[in-house]
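The residues making up each chain are set out below.
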Amino acid sequence: MSRPEFSAEHRDALQEVANIAMGEAGASLAKLLGAFVRLSVPRIQISDAALVPEALGTLLGPDRVVTAVRQSFLSRVQGEAIVLFGEAGCAEIADLMGYESALAPAERREVLLDIANMLVGACLGGLFRQFSLEPGFSAPSVLAENTPVEQLLGTDAFDWGPALLVEVNFSLESSAFASHLVILLPESSIDSMREVLDQLIATL
Amino acid sequence: MSTPVLIVDDSAMARKMLQRALPADWDVEVTHAANGHEAIEAYRAGKAAVMFLDLTMPDMDGYQVLETLRRENLDCFVVVVSADVQPLAQARVMELGAIGFVRKPVTAAKLAPILEEYGVR
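As the structure is a computational prediction, the values presented were derived from the model and not from experiment.

A.B. asks: Talk me through the overall build of chain A; I want residue IDs and the actual numbers.
C.D. replies: When its secondary structure is counted, chain A shows 6 helices and 8 strands. Secondary structure elements in chain A, listed N-terminal to C-terminal, are α-β-β-α-β-β-α-α-α-β-β-β-β-α. In terms of C-alpha radius of gyration, chain A reaches 16 Å, essentially the compact-globule figure of 17 Å for 204 residues. Dimensions of chain A along its principal axes, counting C-alpha atoms only, are 50 × 35 × 30 Å. In chain A, which comprises 204 residues, the proportion classed as buried is 41%. In chain A, 76% of the contacts between residues at least 6 apart in sequence involve partners at least 24 apart.

Given below as structure tokens:
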């Protein structure tokens, strides 16, 4: 199958709308954790879905053992949002949130689901607002806990052909806590994404 | 004489949006830079009486540009243009010598008051 056409201009535009979208999400996270949040430069790549776990591993660098929350979104552009929390940062979450003692696994899961839901809502909401679209979201669910990122997605989980990945990350200056938000679009939505980007570019 | 204006952003689309948001009646000579290193180079070449500076860039980011400018005595007006809406981000860039902070996406209405206030146009 040929790769969907995604020009340098589309990539540049998507990177910028993703950058704008993550600003608000970062501010919400900063408020929640009472810390300054560093925003990353969004990264974009098109990959065969079967290679997505490998691509994620490369994007994440050394933070390979993760807890992952997934949420699907539905709009003219649809796909999956996955929030990955590195293991070291997860250990500090109780402290950051001001809990007196370590969190029980169920409590920790609850906190990570809340944070993921907030990041996905703010980021995807901000992204789609720029296209005048309003996505619907599924409830967030835990995809995996303390799992090496390469094992995160069974290849049949994303039987999509080519997929578009957008990765942004939020890290703290004073803590190991970091979260990566990965937006995955299946091939059919890559075309839709290109169309909405074309419309946005045409207004400039 | 036209005012040398430098637009610094890693995104070509963002640079284009910024250029379109400049006051229509402002006599400027615009230069673009795609990262901090290019920005410093253009500044040293006298191409930035006014600089519009993004914060999140690969290589050399906006904070590092501001720090470098300060070491070189900051002979230009810097307006930071960023999607980062944390109050602390704004406080930090003002502390580093920026005259204003504009939240992305940039519009003419957001830029005008800052440019008026400092009489840079």
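A.B. asks: Break down the nonpolar core for me, citing the residues and quoting the values.
C.D. replies: Counting 95 residues, the largest nonpolar core has A:Val83, A:Leu119, A:Cys123, B:Met51 and B:Val78 as the members making the most contacts within it. Among the elements that line this core, the one with the most residues is helix 1 (residues 8-33) of chain A, at 12 residues. Not counting chain neighbours up to four residues away, the residues in contact with A:Val83 comprise A:Ala68, A:Val69, A:Ala116, A:Leu119, A:Val120, A:Ser179 and A:Leu181.

A.B. asks: Before we move on, can you summarise the interface of chain A and chain B with the specific residues and values?
C.D. replies: Each partner contributes to the interface: chain A provides 18 residues, whereas chain B provides 18 residues. Those elements giving two or more residues to the side of chain A that touches chain B turn out to be helix 1 and strand 1 (37-39) of chain A. For the side of chain A that touches chain B, the element with the most residues is helix 1 of chain A, which contributes 12 residues. Its residues assigned to classes, the side of chain A that touches chain B shows 11 nonpolar, 4 polar and 3 charged.

A.B. asks: If you had to explain the packing of helix 1 of chain A against helix 6 (residues 187-202) of chain A to someone new, which residues and values would you point to?
C.D. replies: All names here are of chain A. Here helix 1 crosses helix 6 at 80°, and the two axes come no closer than 10 Å. What the angle tells us is that helix 1 and helix 6 run roughly perpendicular. Residue-level inspection shows Glu9, His10, Ala13 and Leu14 of helix 1 in contact with helix 6, the latter providing Arg194, Leu197, Leu200 and Ile201.

A.B. asks: I'd like a rundown of helix 5 (residues 108-117) of chain B, residues and numbers included.
C.D. replies: Among the 10 residues of helix 5 of chain B, 1 are classified as buried, and the element is accordingly described as predominantly exposed. Where helix 5 of chain B ends, the next residue or the one after it, B:Gly119, has phi of about 60°, a positive value.

A.B. asks: I'd like a description of the environment of A:Ala55, backed by residues and values.
C.D. replies: Residues and elements named next belong to chain A. Along the polypeptide, Ala55 turns up in helix 2 (residues 52-60). Sequence spacing of Ala55 and Gln45 is 10 residues, and the spatial spacing of their C-alpha atoms is 8.7 Å. Those residues within four positions of Ala55 in sequence are excluded, and the remaining contacts are Gln45, Ser47 and Leu165.

A.B. asks: Give a detailed account of the sheet that holds strand 4 (residues 77-82) of chain B, specifying residues and quantitative values.
C.D. replies: Residue and element names in this part refer to chain B. If you walk across this open sheet you meet the 5 strands as 2-1-3-4-5, and the pairing is parallel. For this open sheet the edge positions go to strand 2 (28-33) and strand 5 (100-103), each flanked by a neighbour on one side alone. If you compare each strand with its neighbour and ignore which way they point, the axes differ by 20° on average. Judged from the 4 bridges that link them, strand 1 (residues 3-8) and strand 3 (residues 50-53) form a sheet pairing that is parallel. Directly across from Ile7, in strand 3, lies its bridge partner Phe52.

A.B. asks: Requested: an account of unusual backbone geometry, with residues and values cited.
C.D. replies: Outside of glycine, negative phi angles account for most residues, and trans bonds account for most peptide bonds. All names here are of chain B. Backbone torsion omega between Lys104 and Pro105 reads -5°, so that peptide bond is classified as cis. Relative to the assigned elements, Pro105 resides in the loop between strand 5 and helix 5. For Asn73, which is not glycine, the phi torsion reads 75° and is therefore positive. Assignment of secondary structure puts Asn73 in the loop between helix 3 (62-71) and strand 4. Note on Asn73: 7 C-beta atoms within 10 Å, which makes it exposed. If you check the backbone angles, Leu74 has positive phi at about 40° while not being a glycine. Summarising the element assignment, Leu74 is placed in the loop between helix 3 and strand 4. Residue Leu74 is classed as partly exposed on the basis of its C-beta count, with 15 C-beta atoms lying within 10 Å.

Definitions and limits used
- Residues numbered from 1 in each chain as written.
- Chains lettered and ligands numbered in written order.
- Predicted model: local features only at pLDDT ≥ 70, side-chain atom pairs only at ≥ 80, totals over all residues.
- Helix = DSSP H or I, 4+ residues; strand = E, 2+ residues; numbered from the N terminus.
- Rg over C-alpha atoms; globule rule 2.2 N^0.38 Å.
- Buried ≥ 20, exposed ≤ 12 C-beta atoms within 10 Å, placed from the backbone.
- Contact = placed C-beta atoms within 7 Å.
- Core = buried A, V, L, I, M, F, W, Y, C linked by C-beta atoms within 7 Å.
- Nonpolar A, V, L, I, M, F, W, Y, C, P; charged D, E, K, R; others polar.
- Axes fitted to C-alpha atoms, helices over the stretch in contact; angles between N-to-C directions.
- Parallel < 35°, antiparallel > 145°, perpendicular 65-115°, else oblique.
- Pairing = 2+ DSSP bridges.

Geometric values such as these leave the question of function open.
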